[in-house]
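Structural features, examined
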Amino acid sequence: MSAAPAPGAAANTPADDVARPVGAHKWTPYVLLTPGMLWLGVFFIIPTVMLVKMSLSSGTAFSGDGSFTFSRSDLQWSNYGDAWTKYVIDTPIFQKSLIYALIATALTLVIAYPLAYTIAFKSGRWKNFLLVLVIAPFFTSFLLRTNAWQTILVDSGPVVTFMENIGLLDFLHTVTNIPDSWPSWAQIFPDGITDPNRVLATPLAVIVGLAYNFLPFMTLPLYASLERIDIRFIEAATDLYSSAWTAFRKVTFPLSLPGVVAGTLLTFIPAAGDPVNAQLLGSASDAMMGNAIDAQFKSTGNYPLAAALSALLMAVIVAMVTVYVRRAGTEELV
Amino acid sequence: MSTMTIDERRAQALAEMPPYREPGVFSRGSRWVRSHIIQFCAAGALLFMFIPVFVVVLFSFNLPTGKYNYVWNQFSTSAWVNVWSDTEITNSLTISIEVALISTIVATVLGTLIAFAIGRHNFRGRGGTNLLIFMPMATPEVVMGSSLLTLFVLAQQEGSLGRITITIAHIMFSISFVVVTVKARIAGLDSRLEQAAMDLYADEKTTFAKVTFPLVLPGIVAAAMLAFSLSFDDFVITNFTSGQTVTFPMYIWGAAGRGIPPEANVVGAIMFGLALVVVLVPEIIRGVRKSRA
């Protein structure tokens, strides 16, 4: 494996030059890449192609002979039409998933930013310890943790009673319950974001669950980009009489944008497709795209429709991410 | 105003200033709070992160009244005593650990090779490679899971869904995370260390074995731990590729409807404890060494 040879070293080790012909050098990276790339090709790219193929096929898994027909001359675009009618027009599950994920992402950003900022700038010798703490919840099964929110938010439990007593639930319910003025909002939140007396089985529980689940995915990229900031830039701003807030707004935050972009993507994308939080914390009417795809595959066996749904979700996410990344102006993500 | 001299203006300003007062305990306290507001928010975020973990551990000591373990009833260690006699739990755990071990090993090897290729070489198709590495991380799990299921169905392998297909899927989504983790470590290497080795007549193989690889190793270990926890904890993709096989997350998912027993919480608590030991002990040892030196 080639470490860039030091100028002096190459001349001093003639055996090395003879043993490894120059041509081998060029192929080294491809040899290293091949096994992993093959794996990704066979089990990521090909399945994606198969998914698109399935979305244009006809047949169901649980009826007839359980096989699917795909014909180039008879592409079943109606699967996409059906998916659109069923999950966008009849029930706004698609929009619901995107809105839930958006709100959860915003919430995650607000919660994670001070944490990442503290770890990057204010933690001193506790830095490594705090970083370990951020990933530590990962080690308890996330299904168990999501389930634990059922215990925490249990009806008339201490948390819900407290939120009720300070009027938070009532406030959130009243503010988000807009029946007529904004029909598309009312379609997604027909009864507000939460009930005045309970949190479980309302959109709020699902959104909080999503925000909770992806918090480390937001915190770590934020930390990585904050950590890279040269602290002298911030000092220069305050030396030039900017207030702490202005320095943050004009220097620190813009410099942390790559982390904000990476973190919001790593939160939004999985959140939009997550079936777990809606299932464990929401009611039946909180079903998201993940649940719809899951149900079409597992219960109905309408694989073509399910595949069309999956492909649609992917397409919308790719489109949103492309626009977002262009806007944010950070092309390099990895 | 303009007719005032500077002295007059200064005198007026002094007269208008509020008299100086020693700050009281309250205002000093509130100023301290205000200047540490970010740290308070950070502490709140950590609390938010850990409350569910705390609840999982706490309720492993509960003696639930019915089948649902949602309301605190009574302290009991029975779940801790009985955890290994629940065959549903032990069977699913065995499968999860098996799958996680195999997929961790394969994904770590494949991912590390890719990371060296990207981190150490310039070659045609580097951008495309980076994109292919990024894509699985940017694809919702439901989409990856349903794609894989479609592949297996169209290849008429629906009957063989099980450990092997789960492992295949886990290797697939772990590779990207391994690449990103190891690549970061390689990027942070000081190339002068390798140059020094070669100046001291080490050939490329020796330099790699004695300098480069040991320096990258912590990154590889971190990547392997990440891959293990991703695999062990995965539910969504496993749900599509498992057939009748029940991994530990699949077991919890199935149990969620009929009530998750406290024994499952015990497993969660043990995993958490084990992981903390694995991560924190080297950290503490390093700290002790540093303070002695």
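Residues numbered from 1 in each chain as written. Chains lettered and ligands numbered in written order. Predicted model: local features only at pLDDT ≥ 70, side-chain atom pairs only at ≥ 80, totals over all residues.

**Some points on the overall build of chain B**
Across its full length, chain B holds 13 helices and zero strands. What you see in chain B, going N to C, is helices and strands ordered as α-α-α-α-α-α-α-α-α-α-α-α-α. Here the C-alpha atoms of chain B give a radius of gyration of 29 Å, more than 25% beyond the 19 Å that 2.2 N^0.38 yields for 293 residues. In terms of its C-alpha atoms, chain B occupies a principal-axis envelope of roughly 95 × 70 × 50 Å. Burial statistics for chain B: of 293 residues in total, 42% are counted as buried. Of the contacts formed within chain B by residues at least 6 apart in sequence, a portion of 76% connects residues at least 24 apart. (Helix = DSSP H or I, 4+ residues; strand = E, 2+ residues; numbered from the N terminus. Rg over C-alpha atoms; globule rule 2.2 N^0.38 Å. Buried ≥ 20, exposed ≤ 12 C-beta atoms within 10 Å, placed from the backbone. Contact = placed C-beta atoms within 7 Å.)

**Notes on the overall build of chain A**
On a plain count of helices and strands, chain A comes out with 18 helices and zero strands. Relative to its full complement of 334 residues, chain A shows a buried share of 43%. Put simply, 67% of the contacts in chain A that link residues at least 6 apart link residues at least 24 apart.

**Regarding the interface of chain B and chain A**
Contact residues are listed per partner, giving 84 residues for chain B and 81 residues for chain A. Here the side of chain B that touches chain A takes 14 residues from helix α3 (residues 37-58) of chain B, the largest share from any one element.

**Digging into the confidence of the model for chain B**
On average, residues of chain B score 88 in pLDDT, and 96% of them are at 70 or above. Overall fold confidence for the complex sits at a pTM of 0.85, while the interface term, ipTM, reaches 0.84. (pLDDT = per-residue confidence, 0-100.)

**Considerations on the packing of helix α5 (residues 93-122) of chain A against helix α15 (residues 257-273) of chain A**
Residues and elements named next belong to chain A. Relative to each other, α5 and α15 sit at 140°, their axes nearing to 9 Å. In terms of orientation, α5 and α15 fall into the oblique class. At the point where α5 passes α15, the crossing takes the right-handed sense. From α5, S97, L98, A101, L102, A104, T105, T108, L109 and A112 reach across to α15, where they touch V260, G263, T264, T267, F268, A271 and A272. In terms of residue class, the contact of α5 with α15 is made up of ten nonpolar, six polar and no charged. (Axes fitted to C-alpha atoms, helices over the stretch in contact; angles between N-to-C directions. Parallel < 35°, antiparallel > 145°, perpendicular 65-115°, else oblique. Left-handed = near helix turned anticlockwise from the far one by under 90°. Nonpolar A, V, L, I, M, F, W, Y, C, P; charged D, E, K, R; others polar.)

**Focus on the domain arrangement of chain A**
By a widely used convention, the size of an interface equals the accessible area lost when the partners come together. In terms of domains, chain A is made up of domain 1 (1-50) and domain 2 (91-153 + 200-328). Spacing between the C-alpha centres of domain 1 of chain A and domain 2 of chain A amounts to 36 Å. (Domains from an automatic or database assignment.)

**Quick notes on unusual backbone geometry**
In this structure, A201 of chain A is a non-glycine residue whose phi angle is positive, near 65°. Mapping A201 of chain A onto the fold places it in the loop between α10 (183-188) and α11 (203-213). The phi dihedral of Y201 of chain B is positive, around 70°, even though this residue is not glycine. Within the secondary structure, Y201 of chain B sits in the loop between α9 (191-199) and α10 (204-233). Assessed through the 10 C-beta atoms surrounding it within 10 Å, Y201 of chain B is described here as exposed.

**Some thoughts on the confidence of the model for chain A**
On average, chain A scores 86 in pLDDT, and the residues at 70 or more come to 90%. Here residues 1-24 of chain A is a poorly scored stretch, pLDDT under 50, and it has 28 contacts once near neighbours within four places are set aside; other chains count.

**Section: the packing of α15 of chain A against helix α18 (residues 303-328) of chain A**
Residue and element names in this part refer to chain A. Where α15 contacts α18, the two axes come as close as 11 Å, and the packing angle between them is 170°. The angle between the axes of α15 and α18 places the two elements in the roughly antiparallel class. Along this stretch, α15 crosses α18, giving a crossing that reads as right-handed. Two secondary-structure elements touch here, α15 through L257, V261, L265, I269, A272 and G273 and α18 through L313, I317, V321, V325 and A328. Here the contact of α15 with α18 is composed, by residue class, of ten nonpolar, one polar and no charged.

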